[in-house]
Amino acid sequence: STSASLSGLRLVVSAGPTYEDIDPVRFIGNRSSGKMGFAIAGAAARRGAQVVLVAGPVSLPTPADVQRVDVRSAAQMHEAVLAALPADAYIGAAAVADFAPAQAASSKIKKQAGQDSMTLTLVRTRDILADVADHPHRPRIVVGFAAETDHVEAYARGKLEKKRLDLIAANRVGMAGTGFESDDNALTVYAADGAVHALGPAAKTQLADALLDLIAQRLTE
Ligand code: C5P
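Thresholds applied
- Residues numbered from 1 in each chain as written.
- Predicted model: local features only at pLDDT ≥ 70, side-chain atom pairs only at ≥ 80, totals over all residues.
- Heavy atoms only, no water.
- Near = heavy atom within 4 Å.
- Polar contact = N/O pair within 3.5 Å; in protein donor to acceptor, adjacent residues only side chain to side chain.
- Helix = DSSP H or I, 4+ residues; strand = E, 2+ residues; numbered from the N terminus.
- Core = buried A, V, L, I, M, F, W, Y, C linked by side-chain atoms within 4.5 Å.
- Buried < 20%, exposed > 50% of the residue type's maximum accessible area, 1.4 Å probe, protein only.
- Contact = heavy atoms within 4.5 Å.

A. Fine view of the site of the ligand. Taken together, the neighbourhood of the ligand is formed by 14 residues, with Gly 92, Ala 94, Leu 129, Phe 145 and Lys 159 sitting nearest. In this structure, an oxygen atom belonging to the ligand sits 2.7 Å away from a main-chain N or O atom of Ala 94. Within the backbone of Phe 145, a nitrogen or oxygen atom sits 2.9 Å from an oxygen atom of the ligand. For the shell around the ligand, the secondary structure elements donating two or more residues are helix H3 (128-133) and strand E9 (141-148).

Structure follows, in structure tokens:
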């Protein structure tokens, strides 16, 4: 293929959901399949990059020549991603929980007779992407994802600026045939330098290559 080589470059990719434990049998999760991040990791390895893939709980095979680190919670993902630095690029494709139970109960929480509601107190998780972009070993290119049901562009541009990213790949979720769980997706990529790139609709494997082209361009200029 004619795609730009990533030989000699180190990429860290996060993918999948996180699970935040409530007790030994229950958790708070989300509908991320991990397919987009796994496709990016696999495509980057095929281009010769050294790839670390930090994966939340997903049932996907490890792409060839990718170093995979499995995690469960947002806190574990935070630790694994920062431990994988320094890198030339970080691509945060994981759907990280924004809130988690302050502490998981050590035994199963039982409902009481006559109890008709319960309250769970959640605390904010740390923002992995923002911390990577703020790190002393900040990768040259930091890429985020924004899955939104509405106001996609405004929210994506807001995150780009607030989290000090180089690129953000926005996709609209809640449409049939794209987004979570699907094999296809459509992305609009907003760059800190003002550029806008519409990618797809296409297979996530194709989108991965298109996104890597944008990253390779910026890493080699
Ligand atoms: O702010 P929001 O969660 O919508 O931003 C999505 C982007 O931020 C994704 O790239 C996601 O991986 C990243 N993120 C993160 N750590 C969090 C929350 C989101 O890295 N705690």
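More follows now that the structure is in view.
B. The arrangement of the nonpolar core in detail. Leu 11, Ile 40, Ile 91, Phe 145, Leu 212 and Ile 215 are the most contacted members of the largest nonpolar core, which totals 40 residues. Beyond its immediate stretch of four places on either side in the chain, Ile 91 contacts Leu 11, Val 12, Val 13, Ser 14, Ile 40, Val 143, Phe 145, Leu 212 and Ile 215.

C. Region of interest: unusual backbone geometry. Omega for the bond connecting Leu 85 with Pro 86 falls within 30 degrees of zero, at 5°, which places this linkage in the cis form. Within the secondary structure, Pro 86 is located in the loop between helix H2 (74-83) and strand E6 (89-92). Of note, the bond from Gly 200 into Pro 201 is cis; its omega dihedral lies within 30 degrees of zero at 5°. Turning to its location among the elements, Pro 201 is positioned in strand E12 (residues 196-203). Its identity as a non-glycine residue notwithstanding, Asp 65 has a phi of 65°, on the positive side. With respect to the secondary-structure elements, Asp 65 resides in the loop between strand E4 (50-55) and strand E5 (66-70). On the accessibility criterion, Asp 65 (69% relative accessible area) is exposed. Its identity is not glycine, yet His 151 carries a phi of approximately 50°, on the positive side. Among the structural elements, His 151 can be located in the loop between E9 and helix H4 (152-162).

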